[in-house]
Each structure stands twice: as structure tokens, then as C-alpha cells.
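# Descriptive analysis of the structure
The chain contents come next:
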Amino acid sequence: MDNMVAEAKEKKAKMKESLKMAVEGEEKPVQTYTRENVKGIDEAQYKGDKNKTNIIKRVKKIISAVDKLVKASTEEELSVNLHDSEKTYEDAVIDAGGTKQEARSKGFYMSDNGSIHINMNRAIPETMYHEPFHAILDYLQKKNESIIDEFHAQLSKLKGGDEIIKRAERIYKGDSPITIKKEAITDFVAKVADGSFK
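Please read these numbers as outputs of a predicted model, since none were measured by experiment.

Rules and cut-offs
- Residues numbered from 1 in each chain as written.
- Predicted model: local features only at pLDDT ≥ 70, side-chain atom pairs only at ≥ 80, totals over all residues.
- Heavy atoms only, no water.
- Helix = DSSP H or I, 4+ residues; strand = E, 2+ residues; numbered from the N terminus.
- Buried < 20%, exposed > 50% of the residue type's maximum accessible area, 1.4 Å probe, protein only.
- Contact = heavy atoms within 4.5 Å.
- Expected span 1.5 Å × (residues − 1).
- Arc of directions from axis to C-beta.
- Pairing = 2+ DSSP bridges.
- Axes fitted to C-alpha atoms, helices over the stretch in contact; angles between N-to-C directions.

Turning to the overall build of the protein, a few remarks are in order. Along the backbone of the protein there are 7 helices and 4 strands. Overall, the protein shows an N-to-C arrangement of helices and strands of α-β-α-β-α-β-β-α-α-α-α. For the protein, buried positions account for 38% of its 198 residues. Taking all contacts inside the protein whose residues are at least 6 apart in sequence as the whole, residues at least 24 apart take part in 59%.

Here you go:
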């Protein structure tokens with residue numbers, strides 16, 4: 001119990017420090033990782049924060065697993081960009097054509113340049129399955145344009161699949177039907193990968 005209280009206090013202190021840095025303009029720079037530099041990732045930088053440590057560990061796996069597909073789809077190298085600052089993340093979302101509302105997200109994938117952006121203050125381990133799967137879907141769609149409709153149709157037949165589809169329709173209301181379908185599919189895959197789909 002004392003350990004949980006100590007962890008909660010430490011997390012609160014880190015959030016206060018992050019907010020203080022943002023207010024004072026001392027933003028931590030975006031950390032960008034590619035196949036070239038991912039081996040140098042500092043896993044100890046988030047010592048004491050289990051969630052962020054898990055995210056860091058998954059960056060290496062993501063780059064190893066998805067880089068070649070991104071290169072085949074976009075002719076660009078995959079980059080994973082970790083934002084410790086809400087401001088740098090918001091800037092990335094807006095630069096990508098998103099809104100301030102969308103800047104409250106956990107992460108996003110830019111299909112035109114093969115970059116994944118992770119909001120380290122909001123991301124959860126599932127995010128690290130969701131965002132890279134967008135790259136896989138893009139690659140598959142390039143090879144077979146009907147694949148998204150086929151996957152979506154299969155998802156709708158699964159027990160629990162309708163709930164995922166309805167959630168995507170609610171969250172991405174106003175986006176194109178194909179975007180909504182892709183989000184539902186990536187949510188499903190992320191939930192299967194992290195064990196939360198029952």
C-alpha cells in the first residue's frame with residue numbers, strides 16, 4: 001500500500017514538473033527514433049514510470065517489425081516520435097492537419113511520411129499496437145484495395161466487434177467512412193495484441 005502511495009506521489013510530481021516546463025517554455029525536445037538510432041534509446045529515462053517504460057521498450061519492436069512495410073508503402077523510413085510535451089504533440093497534430101481537439105489523443109500515424117507520433121502523457125501500452133498497425137493496414141490496402149472492407153466485415157461478425165465499430169463511429173464521427181473502418185480495425189488488433197479483447 002505504501003508503495004502505491006509513493007508511486008502516486010511520484011507520478012503527481014512528474015505531472016507538475018511537466019506542466020511547469022510547458023508553462024515556462026522549457027519543453028523537452030521530441031525524441032525521434034528510426035532504424036538508424038533506435039539502439040541508442042535510453043530505457044532508463046522513465047525509470048519509475050511503468051507505463052512510459054513499457055512504451056519505450058516497444059519502440060524498438062515497432063521499428064524492427066514495421067519499418068520495411070512503411071518503406072514499401074511510402075518510400076520513407078519509419079520514424080517514431082515521442083512527445084513528452086503536450087505543446088510539441090499539439091504542434092505535430094496541427095502540422096499534420098489536425099485540430100486542437102485531436103491533439104488530446106494518445107498518438108497518430110502519418111501515412112504520407114511513415115511517422116508515428118506518441119503523446120507520452122496520454123499513451124497507454126495499447127497505443128503502441130494501434131498506431132503501428134495503421135502502417136500495416138496501409139501496406140495491405142496498397143496491395144488489395146478491398147482489404148479494409150473485408151476486414152471490417154469480418155470484425156462486424158465477431159462477438160464484441162460491433163462495440164469496437166460503434167466506438168470508432170462515435171469517436172471519428174465526421175471522418176471518412178474508410179478512416180472510421182481503419183480505426184475500428186486498428187483498435188481491434190491493438191486490443192487482441194494487449195490481451196484486452198475478450
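Time to look at helix 4 (residues 127-143). The end-to-end C-alpha separation of helix 4 is 25 Å, in line with the 24 Å expected for 17 residues at 1.5 Å each. The set of residues buried in helix 4 consists of T127, M128, H130, E131, P132, F133, H134, A135, L137, D138 and Q141. Turning to helix 4, the residues buried within the fold contact helix 2 (50-74), strand 3 (107-110), strand 4 (115-119), helix 5 (147-157) and helix 7 (177-194).

Buried residues of helix 6 (residues 161-171): G161, I164, I165 and A168, and no others. End-on view of helix 6: buried residues confined to an arc of 100 degrees, all on one side of the axis. With respect to the buried face of helix 6, the exposed residues turned more than 90 degrees away are E163, K166 and R170. Against helix 5 and helix 7 lie the buried residues of helix 6.

Take P125: it is sitting in the loop between strand 4 and helix 4. The spatial distance from the C-alpha of P125 to the C-alpha of A193 is 10.0 Å, given a sequence separation of 68 residues. In contact with P125, not counting residues within four places along its chain, are N51 and R58.

The strand order 1-2-4-3 describes an open sheet built from 4 strands, whose pairing is mixed. Each edge of the sheet is formed by a strand with only one pairing partner; in this case those strands are strand 1 (31-33) and strand 3. Averaged over all pairs of adjacent strands, the angle between strand axes in this sheet comes to 15 degrees, irrespective of strand direction. In this sheet, strand 4 lies alongside strand 2 (residues 79-83) in parallel orientation, the contact comprising 5 bridges. By the bridge assignment, S79 is partnered in strand 4 with S115.

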